[in-house]
Amino acid sequence: MLPPSLLAWGRPRLRDLPWRQVRDPWPILVSEVMLQQTRVERVVDRWPRFLERFPRPAACAEASPGDVIAEWSGLGYNRRALNLHRTATVVVGLHGGDLPRTLEDLLSLPGVGPYTARAVLAFAYEDDVAVVDTNVARIMARWTGRRLTVREAQGLADASVPIGEGWAWNQVVIDLGATICRARGPQCGDCPLASGCTWRGTGPDPAVGSAGVAGRQASFDGSDRQGRGRLVARLAEGPVAGSDLAEAMGWPDDQERAERVAAGLVAGGLVVSAPVGYALPG
């Protein structure tokens, strides 16, 4: 387990992030879903805008899925927006409009996995649970000097949380991984854990291939993911005719590819076929 002295080192060094100023579960959930695959700087800009439009689960549930997806457009991985809408609908229908308080109930929400559920418990309710994102999982693997299973990483993280300090501890460990114990170019000389770390930047990195540690993403430029994002951005402005599909997705000479990728969006519920071509779901 990590030494509790890490808390004293990290508390005064916490990054000033807007979602750290609130304890309301809905804004916390929105921030965590946004942060899963989007850079912090981008989320700082978009998080307040999303909440201005959908300040409570009820407001999100009352909107159409297409409205939520349109507001999300530009953040990438638009399925997250669809899951947020579905979650808001469940929260209103089954939980009286407030996010549930238990891990089991949070995990039952659409698109909410172990990380996100524990993040709500730790950052909204200040429970003494460990939040294991890719930064934390990387620290745990390097600290122990070996690849870890999901259960091992979570168990070590849970055992490290000081009693009554769930909120601060998790923020400190996440920031340590984001700023010091980074995936590339770790600053081992500045790390408060260096004296007890098994790896210390020497030899093969045990974090590579360890549970919960993200690998390198495929190139975005020219990818299907880029085309999907372009189409959703265009659909946020209005329907797109089938004849304009390839151009809207950035592949004007590849209609076959455009139709294939669009069909995947339709199958996933992010886009619907309309009389004029394609549109966001109503």
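The model shown is predicted, which means the values in this text are computed figures rather than measured ones.

How should I be thinking about the sheet that holds strand β2 (residues 272-274) in this particular structure?
Sheet strands pair by backbone hydrogen bonding; their relative direction is either parallel or antiparallel. A sheet is described by the order of its strands in space; here three strands give the open sequence β1-β3-β2, paired in antiparallel fashion. The outermost strands of the open sheet, each flanked by one partner alone, are β1 (240-241) and β2. As judged from the two bridges shared by β1 and strand β3 (residues 277-279), these two strands associate in the antiparallel manner. Across the sheet, residue A241 finds its bridge partner in β3, namely G277.

I'm lost on the environment of A122 in this one. Help?
As for its placement among the helices and strands, A122 is situated in helix α8 (residues 114-123). We classify A122 as buried; its relative accessible area is 0%. A sequence separation of 49 residues divides A122 from Q171, and the C-alpha atoms of the two residues are 9.4 Å apart. Setting aside residues no more than four positions away along its own chain, A122 makes contact with D127, V129, V131, G166, W167 and N170.

I'm lost on helix α3 (residues 40-53) in this one. Help?
Given 3.6 residues to a turn, an α-helix orients residues that are three or four positions apart in the same direction. With 14 residues, α3 should cover 20 Å at 1.5 Å per step; its first-to-last C-alpha distance of 20 Å lies within 8% of that length. Along α3, the residues that are buried comprise V43, R46, W47, F50 and L51. Close packing links the buried residues of α3 with α2 (25-35), α5 (65-72) and α6 (79-95).

What's the story with the pattern of salt bridges in this structure? I'm lost.
A side chain of one charge can pair with a side chain of the opposite charge when the charged atoms of the two come close. What the rule picks out here adds up to 16 salt bridges. For D127, the salt bridge identified is with R101, shortest N-O distance 2.8 Å. Here R101 lies in the loop between α6 and α7 (103-107) and D127 lies in the loop between α8 and α9 (134-144), a separation of 26 residues in the sequence. Note on R101: relative accessible area 41%, which makes it partly exposed. Several salt bridges share partner residues, and in doing so they unite R49, R53, D67 and E71 into one network.

When you look at helix α11 (residues 166-179) in this model, what are you seeing that I'm missing?
The terminal C-alpha atoms of α11 lie 20 Å apart, and with 14 residues this matches the ideal 20 Å at 1.5 Å per residue to within 8%. Counting buried positions along α11 yields 12 of 14 residues, so the element is predominantly enclosed. Among all positions in α11, only G166, W167, A168, W169, N170, Q171, V172, V173, I174, D175, L176 and G177 are buried. Looking at the buried positions of α11, the neighbouring elements they touch are α1 (5-10), α8, α9 and α10 (150-160).

Is there a simple way to explain empty space enclosed by the protein in this structure?
Leftover empty space is mapped by rolling, across the atoms, a probe with the size of a water molecule. Scanning the entire structure with this criterion turns up two cavities of 30 Å³ or more. Lining the largest cavity are 14 residues, with R142, C181, C191, L193 and C197 sitting closest to its centre. Per-element tally for the lining of the largest cavity: the top contributor is α9, with three residues. Counted by class, the lining of the largest cavity contains 11 nonpolar, one polar and two charged residues. For the second largest cavity, the calculated volume is near 40 Å³. Per-element accounting of the lining of the second largest cavity gives the leading share, three residues, to α11. In terms of residue class, the lining of the second largest cavity is built from seven nonpolar, one polar and no charged.

Would you mind showing me how to read the environment of D254 here?
Within the element layout of this structure, D254 appears in the loop between α13 (245-248) and α14 (255-267). The class of D254 is partly exposed, set by a relative accessible area of 33%. The spacing of D254 and A168 is 86 residues in sequence and 51 Å in space, taken between C-alpha atoms.

Mind showing me how you'd approach the environment of H85 here?
One can find H85 in helix α6. C-alpha separation for the pair H85 and W167, spaced 82 residues apart in sequence, amounts to 26 Å. When neighbours within four sequence positions are excluded, H85 is seen to be in contact with C60, A61, A63, S64, P65 and V68.

Would you mind showing me how to read the packing of α5 against α6 here?
Contact pair α5 / α6: the axes reach a minimum separation of 9 Å and the direction vectors enclose 135°. Here α6 runs oblique to α5, going by the angle between their axes. As for the relative orientation of α5 and α6, their crossing is right-handed in sense. Of α6, the residues touching α5 (which contributes P65, V68, I69 and W72) are R80, A81, L82, L84 and H85. Classifying every residue of the contact of α5 with α6 by side-chain character gives seven nonpolar, one polar and one charged.

Calculation rules
- Residues numbered from 1 in each chain as written.
- Predicted model: local features only at pLDDT ≥ 70, side-chain atom pairs only at ≥ 80, totals over all residues.
- Heavy atoms only, no water.
- Pairing = 2+ DSSP bridges.
- Helix = DSSP H or I, 4+ residues; strand = E, 2+ residues; numbered from the N terminus.
- Buried < 20%, exposed > 50% of the residue type's maximum accessible area, 1.4 Å probe, protein only.
- Contact = heavy atoms within 4.5 Å.
- Expected span 1.5 Å × (residues − 1).
- Salt bridge = Lys/Arg side-chain N within 4 Å of Asp/Glu carboxyl O.
- 1 Å grid on protein atoms, 1.4 Å probe; cavity = no way out; pocket = protein on both sides within 12 Å on 5 of 7 lines; lining within 4 Å.
- Points joined across faces, edges and corners; volume = space filled by probe spheres on them.
- Nonpolar A, V, L, I, M, F, W, Y, C, P; charged D, E, K, R; others polar.
- Axes fitted to C-alpha atoms, helices over the stretch in contact; angles between N-to-C directions.
- Parallel < 35°, antiparallel > 145°, perpendicular 65-115°, else oblique.
- Left-handed = near helix turned anticlockwise from the far one by under 90°.

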